[in-house]
Amino acid sequence: MCGIAGIVSQQTAVNSELFDALTMLQHRGQDAAGIITNEGHRLFLRKENGLVRDVFNNDDQMQKLKGMMGVAHVRYPTAGTSTSAEAQPFYTNTPFGISLSHNGNLTNAEELKQELFLEDRRHLNTESDSEVLLNIFAHELLQRGVLRLTPEDVFAAVSGVHLRCRGAYACVAMITGFGVVGFRDPFGIRPAVYGVRETAKGKDYMIASESVAMDALGYEMIDDIAPGEAVLITLDGKLHKRQCAANPMYSPCIFEHVYLARPDSVMDNIYVYKARLRMGVKLAEKILREWPEHDIDVVIPIPDTSRVAGAELAARLGVLYREGFIKNRYIGRTFIMPGQAQRKKSVRQKLNPVDIEFRGKNVLLVDDSIVRGTTSKEIIEMARDAGAKKVYFASASPPVRYPNVYGIDMPTSSELVAYGRSVEELEKMLGADRLIYQDLPDLIEAVRAGNPAITRFDCSVFTGEYITQDITSEYLSQLELFRSDAARAARSKSQTAIELPNA
Ligand code: AMP
């Protein structure tokens, strides 16, 4: 997962607004950040590994990003590697000068690389599938054979992208001197929204991964970009939109609602916060149904994501809700730490128990998901050390058993604790007195209640059924080779030697 944003303004330079938007999207990727702006025929780019505040850490850097139109990106590495040369936006000169930020993952990137090289005569600088996407879009635009672009040409190019690319892509592309176009794959797997702000000089528009990027800047959300749709904002402040896919089918990623998105975002017309509340309700109903004689004294969330579901779960069970773990905000996310030993250690550094909330009590710990199981195992032990009598554990989502191929940095199957294990086995393995998972139909209902018009979600991490129907066992084995801890460690060693300078 990554975060994308694009702004076309009629009244103000977009540098600081794109910075603010990226800061609001920082949870979607902490690995690298970048902004590219356009003024006249010039482009101004800064991108680098690091948090938004570290990449853009002085006024001088910001002031160099001139112009009233730009696109931006925060990266969470998925496909490709994590050098600063792979930070986004990516840029290609031909045709028209196009810059692109992408969230998602192309599942046919390897075939497209061959096509680009052998048929389209285009060349790539990196391993990133986002650079592939940029070049496919550029090639499709070039095929129009025009010197002066119209919105029709841009929409035709997006249709061309839909015909050639598979997988997940929510993108913003800036065409120099022309405008910014946002588009989403025909399944709408990754989110994208757009909004408007009225000014004395006309309308400013923003396109972003999540609505929170707009809230602080005074933009009013207009809508989600529909699956397959393209929304084009031209430099003169006009909005054009078009359905560019032949058979779009709304199938957004359900894991956005479980974990990825901020709770204060609205995506695909569903309040993430309310979806998480409903996950708590469904969990409570399951517990009351299957374990009516439960002896839970207190519900304790594992901060931060599970707080919303946890509070509602406690309310529905009629038991206390307490913040039993205090989070140190200055430790990096445990999930992306390389290697299991480091991950284990950092769970303890990151979360510290308030032992009076545990002593002598039967506690129900709640997390949004169990992925590797490192957090839950460690935390269950911490709860016991803090004096809990019984430690129960609930996950607001079903067992995560399959890798994600649409842009979430999930471990390989063999590293997912629930892969090939029953709930009873997991209960033992994690050391819980009882383990309760949300059922998939309940999770779907909890999310779907916000927008019943959506009839299908991508639930592949729970089911192993991939919505694009192109995922072979060979693809998954390649992914396994690429994503395992061992492969990452080997890559990071060799990358230090060949790291490219900042673009
Ligand atoms: P673990 O079971 O130790 O791998 O970690 C589970 C925790 O990681 C849960 O609390 C989630 O909040 C969080 N989580 C789930 N998916 C991801 C992800 N793709 N990236 C980072 N953290 C995640």
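Residues numbered from 1 in each chain as written. Predicted model: local features only at pLDDT ≥ 70, side-chain atom pairs only at ≥ 80, totals over all residues. Heavy atoms only, no water.

The 6 strands are arranged β5-β6-β7-β8-β12-β13 in an open sheet whose pairing can be described as antiparallel. The open sheet has two edge strands, β5 (90-92) and β13 (239-243), and neither has a second partner. Averaged over all adjacent pairs, the angle separating strand axes in this sheet is 20°, with direction ignored. Relative to strand β7 (residues 167-175), strand β6 (residues 98-106) is paired through 9 bridges, and the arrangement is antiparallel. Looking at β7, one finds that H102 is bridged to C171. (Pairing = 2+ DSSP bridges. Helix = DSSP H or I, 4+ residues; strand = E, 2+ residues; numbered from the N terminus. Axes fitted to C-alpha atoms, helices over the stretch in contact; angles between N-to-C directions.)

Between helix α9 (residues 272-290) and helix α14 (residues 440-448), whose axes approach to 8 Å, the crossing angle comes to 145°. Both α9 and α14 take part in a crossing whose hand is right-handed. Two secondary-structure elements touch here, α9 through A275, R278, M279, K282 and R289 and α14 through D442, L443, E445, A446 and V447. In terms of residue class, the contact of α9 with α14 is built from 5 nonpolar, no polar and 5 charged. (Left-handed = near helix turned anticlockwise from the far one by under 90°. Contact = heavy atoms within 4.5 Å. Nonpolar A, V, L, I, M, F, W, Y, C, P; charged D, E, K, R; others polar.)

Attention now goes to the side chain of H294. Within the fold, H294 resides in the loop between α9 and β16 (298-301). Looking at H294, its side chain comes within polar contact range of the main-chain nitrogen of I296, at 3.1 Å. Apart from the residues lying within four places of it in its own chain, the contact partners of H294 are I287, L288, L317 and V319. (Polar contact = N/O pair within 3.5 Å; in protein donor to acceptor, adjacent residues only side chain to side chain.)

Taken together, 15 residues lie around the ligand, and Y76, D367, D368, R372 and T375 are the ones closest in. Between Y76 and the ligand, the recorded distance is 2.7 Å, taken from a side-chain N or O atom to a nitrogen atom. Here an oxygen atom of the ligand and a backbone polar atom of R372 are 2.7 Å apart. Protein coverage of the free-state accessible area of the ligand, which is 500 Å², stands at 93%. Sorting the residues of the shell around the ligand by element identifies α8 (255-260) and α12 (374-385) as the ones contributing at least two each. Here the shell around the ligand is composed, by residue class, of 7 nonpolar, 4 polar and 4 charged. (Near = heavy atom within 4 Å. Areas by Shrake-Rupley, 256 points an atom, 1.4 Å probe, with all protein chains shown as cover.)

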